[in-house]
Amino acid sequence: MDHEADSHRTDLMTITRYVLNEQSRHPESRGDFTILLSHIVLGCKFVCTAVNKAGLAKLIGLAGETNVQGEEQKKLDVLSNEVFIKALVSSGRTCILVSEEDEEATIVEPSKRGRYCVVFDPLDGSSNIDCGVSIGTIFGIYMVKDGGEPTLDNVLRPGKNMLAAGYCMYGSSCTLVLSTGTGVNGFTLDPSLGEFILTHPNIKIPKKGKIYSVNEGNTKNWDAPTTKYVEQCKFPKDGSSPKSLRYIGSMVADVHRTLLYGGIFLYPADKKSPNGKLRVLYEVFPMSFLMEQAGGQAFTGKQRALDLVPKNIHERSPIFLGSYDDVEEIKALYAAEEK
């Protein structure tokens, strides 16, 4: 990368400019979606600052409350959740918000209602804050079916119906990866400008990767196809080199690496968690949406992940996502098991 040239670059594609360009391709659009995205971006910037200051500002400790998943909440989770809820409601473009931190969905008051439903995990991987591991925000956006009062049916829909999805990763740099259904683009926050700049245009995941990412501590509880697949990664039968294992334990960081370098990320069901552990609406769907948009695949062990129809807002599912060919291999093992 030519940093010298970069420092003199004056034609910057900011996320705002990118989204406005996208909007201009749809003459019928009223700019609502653009406004909604700018509020999500503002929430990400705020949380990025809070994450960077967490150790200093004593935000790391537990808030003394437990969220609906039974996980003890960190102060930073609580703060991030409030930031996103306030940012989304104040945009005037949302009608239902589903957050990982709140048991019930938030129905926006009629005076501030708009056409969009947003599902999000305000701070995924927050147990990793103390040790400086990358964490992030994950979100997905649906448009409401026309007319009537907003109900949960507006969000309990397959992931393929999402309009847009993305995540913001707070790590060595702050990176926002977004898809509005026409490919995937990555933006990096330039702290001196306070703007997200397009740094990874049109991300495409390699067709096959050399990395597998899974918590091998759960091996004894896995089903046969997952066990067999991981065995093949380590001891390939075709004489090829074994895959490398990389597992951070923060979904945003693991998926981000998978997206850029290729390979496969697995969070299978096991005897302890027969339905898997990752939540469908705001973890599995947005990440699967991004993977498919980048040319990869996402599979639940039974079906294409984006075809899943959730029955409740905090439903969980197993997930296998990543490079097209790698996911094909695990699909073949599950198909053979069914026979």
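Below you will find a few notes about this structure.

Reading guide: rules and limits
Residues numbered from 1 in each chain as written. Predicted model: local features only at pLDDT ≥ 70, side-chain atom pairs only at ≥ 80, totals over all residues. Heavy atoms only, no water. Helix = DSSP H or I, 4+ residues; strand = E, 2+ residues; numbered from the N terminus. Buried < 20%, exposed > 50% of the residue type's maximum accessible area, 1.4 Å probe, protein only. Pairing = 2+ DSSP bridges. Contact = heavy atoms within 4.5 Å. Axes fitted to C-alpha atoms, helices over the stretch in contact; angles between N-to-C directions. Parallel < 35°, antiparallel > 145°, perpendicular 65-115°, else oblique. Left-handed = near helix turned anticlockwise from the far one by under 90°. Nonpolar A, V, L, I, M, F, W, Y, C, P; charged D, E, K, R; others polar.

A look at unusual backbone geometry
For asparagine 202, which is not a glycine, the phi torsion comes out positive at approximately 45°. With respect to the helices, strands and loops of the structure, asparagine 202 is situated in the loop between β10 (195–200) and β11 (211–213). With a relative accessible area of 46%, asparagine 202 lands in the partly exposed category.

Digging into the sheet that holds strand β4 (residues 106–107)
On the basis of which strands lie adjacent, the open sheet formed by eight strands has the order β4-β3-β5-β6-β7-β8-β9-β10 and mixed pairing. Each of the sheet's edge strands pairs with one partner strand only, and the pair in question is β4 and β10. Looking at chain direction, strand β7 (residues 164–170) and strand β8 (residues 174–179) are connected through six bridges and run antiparallel. Of the residues in β8, the one forming a bridge with methionine 169 is threonine 175. Packed onto the sheet, helix α3 (residues 32–53) meets β3 (94–99), β5 (113–124), β6 (135–143), β7, β8, β9 (185–190) and β10 and runs at close to 20° relative to β5.

Some points on the packing of helix α6 (residues 251–261) against helix α7 (residues 280–293)
Running from N to C, α6 and α7 point in directions that differ by 15°, and their axes come no closer than 11 Å. Regarding the angle of α6 to α7, the classification is roughly parallel. The handedness of the crossing between α6 and α7 comes out as right-handed. Taking contact as the criterion, the partners of Met251, Val252, Val255, Thr258 and Leu259 in α6 are, on α7, Glu283, Met287, Leu290 and Met291. Classifying every residue of the contact of α6 with α7 by side-chain character gives seven nonpolar, one polar and one charged.

Concerning the sheet that holds strand β12 (residues 244–245)
Taken in spatial order, the five strands make up an open sheet running β12-β11-β13-β17-β15, and their pairing is mixed. Two strands bound the open sheet, and with one partner strand each, they are β12 and β15 (297–299). Two strands pair when backbone bridges link them, and strand β13 (residues 264–267) and strand β17 (residues 319–322) are joined in this way by four bridges, in the antiparallel orientation. Residue pairing across strands places tyrosine 267 opposite isoleucine 319, the latter belonging to β17.

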